[in-house]
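Descriptive structure summary
This is what each chain is made of:
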There are 2 protein chains.
Amino acid sequence: MITLYEFGLSGNCHKVRLLLSLLGLHYHSKLLNSAAGEHKTEQFLALNPFGQTPVLVDGDTVVRDSQAILVYLARSYGADEWFPQEPAKMAEVVSWLAVAANEIARGPNTLRLHHKFGRAINLDDATKITTQVLSVLNLHLQSRHWLANNTLTIADIAIYPYIALANEGKVDLEPYLYVQNWMGRIEHLTGYVTMPGIQRIAD
Amino acid sequence: MITLYEFGLSGNCHKVRLLLSLLGLHYHSKLLNSAAGEHKTEQFLALNPFGQTPVLVDGDTVVRDSQAILVYLARSYGADEWFPQEPAKMAEVVSWLAVAANEIARGPNTLRLHHKFGRAINLDDATKITTQVLSVLNLHLQSRHWLANNTLTIADIAIYPYIALANEGKVDLEPYLYVQNWMGRIEHLTGYVTMPGIQRIAD
């Protein structure tokens, strides 16, 4: 039995929902109320001392952090391609997981926190990082269908949600055609699920 | 032949130097001059479009991003424990790699960029994140010798450098006894290497 502790409007949680669905896995959702501080209770901090969602519980295994959960699900339940064992291919995927944890978090995710949730941020910094990461992604995807290893991997799943939610951070994806095409490919996958706020490219 | 493109004063590069040394691997160092913009040349951007160090080249394999390089080296040249194949154990390590890419980068690393290199930052935010991550680490290490799986892994190598350099960001590690003890254990490892600015705990 898989249980996912999550926030409904979190893009990090959506990474996990998306992979669970693409892998055809059933799970029990525990929606936490962030306004009520349910992610800061003693009980939840025992699962994740950082007090953040998502946390996934699978039997005796507790995994915190969206990137770590993607790795866990891919290696436990997915075909090898999702997170390949071969070192160079595995590292290629990890390099994009790091972009998700760093540039995507400090760029489009931070802009969304500001414009949607009122968080005070350094607007110039977040805008600059967003422009850089979108430019790199667009150039990278000009000659590729997927971010890593010429196949669908958890790299795509880790990067997708906060790009698809970028409109909520007042980011215009219009200049990034190849990013849009890649989003469309993800949105056509069997098992794709959306969430409130996602600006789908596909019809 | 392994080549490491690096900055001498980068903690991210030191993660890689440290693991290379602990694994007993020889490599060729290409020190880039950041003031001269050697990380923004067309030649270097072809290796890493983000224009960041470290980048590791091993034969035909090019790996960018410090966390990805640690994964590559561990799976290519290290014992299984460094980055274990078992999904739950692998995910446990990845959850700390994400802390390195996120909280450590936005906390102690950012404070060091400010105090050592004059970067304009949000001092309150970086201080708050630093205090939180050090508190979580200290509590976690109160009952453990290593961050993940009760053994030395690349999680320790990914987190260590910017904690050991925290003094350059005017962070006082005095309240974090278990973090200091853990640093001491790393500094006693056979093959441990230091870098300018590291405040060693071990004698």
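In what follows, the accompanying structure is described. (Residues numbered from 1 in each chain as written. Chains lettered and ligands numbered in written order. Predicted model: local features only at pLDDT ≥ 70, side-chain atom pairs only at ≥ 80, totals over all residues. Heavy atoms only, no water.)

Structural notes on the pairing of strand β3 (residues 55-58) of chain B
Residue and element names in this part refer to chain B. Burial along β3 is two-sided: the residues V55 and V57 and L56 and D58 are all buried. Of the pairings in the sheet, the one linking β3 to strand β4 (residues 61-64) comprises four bridges and is antiparallel in character. Pairing of V55 across the sheet is with R64, part of β4. (Buried < 20%, exposed > 50% of the residue type's maximum accessible area, 1.4 Å probe, protein only. Helix = DSSP H or I, 4+ residues; strand = E, 2+ residues; numbered from the N terminus. Pairing = 2+ DSSP bridges.)

Brief notes about empty space enclosed by the protein
Summed over the entire model, instances satisfying the criterion amount to one cavity of 30 Å³ or more. A volume near 100 Å³ is recorded for the largest cavity. Along its surface, the largest cavity is lined by Q67, V94, L97, A98 and A101 of chain A together with Q67, V94, L97, A98 and A101 of chain B. Put simply, the parts of the chain that give the lining of the largest cavity at least two residues each are α4 (87-117) of chain A together with α4 (87-117) of chain B. Considered class by class, the residues forming the lining of the largest cavity number eight nonpolar, two polar and no charged. (1 Å grid on protein atoms, 1.4 Å probe; cavity = no way out; pocket = protein on both sides within 12 Å on 5 of 7 lines; lining within 4 Å. Points joined across faces, edges and corners; volume = space filled by probe spheres on them. Nonpolar A, V, L, I, M, F, W, Y, C, P; charged D, E, K, R; others polar.)

Considering the pairing of strand β3 (residues 55-58) of chain A
Residue and element names in this part refer to chain A. Relative to β3, strand β1 (residues 2-6) runs antiparallel, the two being bridged by four bridges. Note on β3: the bridge partner recorded for L4 is L56. Hairpin remark: β3 followed by strand β4 (residues 61-64), antiparallel, with two residues in the connecting loop; positive phi at G59, about 65°.

Focus: the interface of chain A and chain B
Of the residues lining the interface, 31 residues belong to chain A; the matching set on chain B comes to 31 residues. Three residues, F50, R64 and P87 of chain A, lead the burial of chain A against chain B; their summed loss comes to 20% of the area buried on that side. Counting every contact that joins chain A to chain B gives zero salt bridges. At the junction of chain A and chain B, the tally comes to six residue pairs in polar contact (both at pLDDT 80 or more). Among the secondary structure elements, those contributing two or more residues to the side of chain A that touches chain B are β4, α3 (66-77), α4 and α5 (123-141) of chain A. At 13 residues, α4 of chain A tops the list of elements feeding residues into the side of chain A that touches chain B. Here the residues of the side of chain A that touches chain B sort into 18 nonpolar, eight polar and five charged. (Contact = heavy atoms within 4.5 Å. Buried area = accessible area lost by both parts, 1.4 Å probe. Salt bridge = Lys/Arg side-chain N within 4 Å of Asp/Glu carboxyl O. Polar contact = N/O pair within 3.5 Å; in protein donor to acceptor, adjacent residues only side chain to side chain.)

Notes on the side chain of N138 of chain A
Structurally, N138 of chain A can be placed in helix α5. Contact partners of N138 of chain A, with chain neighbours within four places excluded, come to P175, Y176, L177, Y178 and V179 of chain A.

Focus: α4 of chain B
Of all bends in α4 of chain B, the biggest is about 60°, found at I104 of chain B, and the proline P108 of chain B comes one to four residues later. In terms of residue burial, α4 of chain B counts as a mostly covered element, since 22 of its 31 residues are buried. (Bend = angle between axes of the 7 residues up to and from the residue.)

Digging into the pattern of salt bridges
Using the criterion set out here, one finds eight salt bridges over all chains in the structure. With a closest N to O distance of 2.7 Å, E168 of chain A and R112 of chain A form a salt bridge. Linking E168 of chain A in the loop between α6 (154-164) and α7 (177-187) with R112 of chain A in helix α4, this pair joins segments that are 56 residues apart in sequence. A relative accessible area of 17% means that E168 of chain A is categorised as buried. In this structure, E168 of chain B and K116 of chain B form a salt bridge, with 3.1 Å as the shortest nitrogen-oxygen distance. Placement of the pair is E168 of chain B in the loop between α6 (154-164) and α7 (177-187) and K116 of chain B in helix α4, with a sequence separation of 52 residues. You can call K116 of chain B partly exposed: its relative accessible area is 34%. Within the structure, one salt-bridge network assembled from shared partners comprises R112, K116 and E168 of chain A.

A short note on unusual backbone geometry
Across the junction of T53 of chain A and P54 of chain A, the peptide omega takes the value 0°, indicating a cis bond. Relative to the helices and strands, P54 of chain A resides in the loop between α2 (42-47) and β3. Positioned with a positive phi, N150 of chain B is a non-glycine residue whose angle comes to about 55°. By secondary structure assignment, the location of N150 of chain B is in the loop between α5 (123-141) and α6.

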